[in-house]
Amino acid sequence: MSQLSLFSAEARPARLADLAGLLCGPGQIARFGAGDQARLSIVLPDPARAPAVVAACAAVGIAAQPVLTETGAVSVRTAFRCDLVGLAREWTSGAVKQVPAEWQLDGAALRVWAASAGWPDERGGYLLALDDNAPHTHQALIAAATRAGIPPARVGDGTGGCTALRISGTRRVQRLVELVGPVPARLSGEHWPRYWGRNAS
């Protein structure tokens, strides 16, 4: 049995900061009025992910619900809440999303990122979607993933499809699997990182 990493999803109880994993991908956080409330939302690439994302929010005491967007996509969003303001302050500059300086990407945030916007490719690697509307965040997330021991490559250009970080190579994918932990109860295993032909379990 491998030793539990200090940065794995199972190394500590869930906390609100883990929802930063939604913001690594296409998630958005917006402050309201005087800035004393904030709302978190993410448009999902697959509606089947909604229960897992709702459960991830519930695990840290944040109620969220799936809603249908004007384009017919499914979004998971919260109400405007006071307890999301701290996350909004860290992840925005004015109204623009930003990655906090020297932010530490750990297994818990990676788990939320993978559940909301990750999928295996057909070459043994794993893709984590980036926010095409916030390209200035990409380099900071590459740096954060590298510090976490899963140095990625950026693939896609945001024109013909989603831009993503690709984790590849047996050692890096194994590290990713160890960080994110087992497949969430409400998510299909086909979306989850795996190595040697096996899902994390």
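In case you missed it, the structure is sitting above this.
Residues numbered from 1 in each chain as written. Predicted model: local features only at pLDDT ≥ 70, side-chain atom pairs only at ≥ 80, totals over all residues. Heavy atoms only, no water.

Caption draft 1: Representation of helix α6 (residues 170–180). Within α6, the full set of buried residues consists of V173, L176, V177, L179 and V180. The buried residues of α6 all sit within an arc of 165° when viewed along its axis, so they share a single face. Looking one or two places after α6, you find G181, whose phi comes out positive at around 80°. (Buried < 20%, exposed > 50% of the residue type's maximum accessible area, 1.4 Å probe, protein only. Helix = DSSP H or I, 4+ residues; strand = E, 2+ residues; numbered from the N terminus. Arc of directions from axis to C-beta.)

Caption draft 2: Summary view of the sheet that holds strand β2 (residues 37–43). Strand order across the open sheet formed by 4 strands is β1-β2-β4-β3, with antiparallel pairing between neighbours. The open sheet terminates on both sides in strands that have one partner only, identified here as β1 (28–32) and β3 (64–68). The sheet shows a mean angle of 25° between the axes of neighbouring strands, taken without regard to direction. Two elements, β2 and strand β4 (residues 74–78), share 3 bridges in a ladder whose sense is antiparallel. Among the inter-strand pairings, I42 is bridged to a residue of β4, identified as V76. Across the face of the sheet, helix α2 (residues 50–58) comes into contact with β2, β3 and β4 while running at roughly 150° to β3. (Pairing = 2+ DSSP bridges. Axes fitted to C-alpha atoms, helices over the stretch in contact; angles between N-to-C directions. Contact = heavy atoms within 4.5 Å.)

Caption draft 3: Geometry of the packing of aromatic side chains. Counted under the stated rule, the structure contains 2 aromatic pairs. For the ring pair F32 and F80, a centre distance of 5.0 Å and an interplane angle of 40° mean the geometry is tilted. Here F80 lies in the loop between β4 and α3 (85–91) and F32 lies in strand β1, a separation of 48 residues in the sequence. Geometrically, the ring pair formed by W91 and W103 is edge-to-face, given 5.1 Å between the ring centres and 80° between the ring planes. Residue W91 is found in helix α3, and its partner W103 is found in the loop between β6 (96–97) and α4 (107–117); the two are separated by 12 residues along the sequence. There is no split in this pair, since W91 and W103 are both buried. (Phe/Tyr/Trp six-rings, centres within 6.5 Å; stacked < 30°, edge-to-face > 60°.)

Caption draft 4: The arrangement of α2 in detail. Those residues of α2 lying buried are A50, A52, V53, V54 and C57. Where α2 is buried, its residues meet α1 (20–24), β2, β3, β4 and α4.

Caption draft 5: Summary view of the pairing of strand β8 (residues 126–129). Neither face of β8 is exposed, since Y126 and L128 on one face and L127 and A129 on the opposite face are all buried. Linkage of strand β7 (residues 118–120) to β8, two consecutive antiparallel strands, is achieved through a turn of 5 residues, within which G124 is found at a positive phi near 85°. Looking at chain direction, β8 and strand β10 (residues 164–167) are connected through 4 bridges and run antiparallel. Of the residues in β10, the one forming a bridge with L128 is L165.

Caption draft 6: Focus on the nonpolar core. With 54 residues, the main nonpolar core has W103, L105, L110 and W113 as its most contacted residues. Counting residues per element, this core draws most heavily on α4, which supplies 7 residues. Ignoring sequence-local partners within four residues, the contact set of L105 consists of L110, W113, A144, A145 and A148. (Core = buried A, V, L, I, M, F, W, Y, C linked by side-chain atoms within 4.5 Å.)

Caption draft 7: Looking closely at unusual backbone geometry. The residue E102 is not glycine, and still its phi comes out positive at about 55°. Position of E102 relative to the elements: it lies in the loop between β6 and α4.

Spatial relationships are all this shows, so hold off on functional conclusions.
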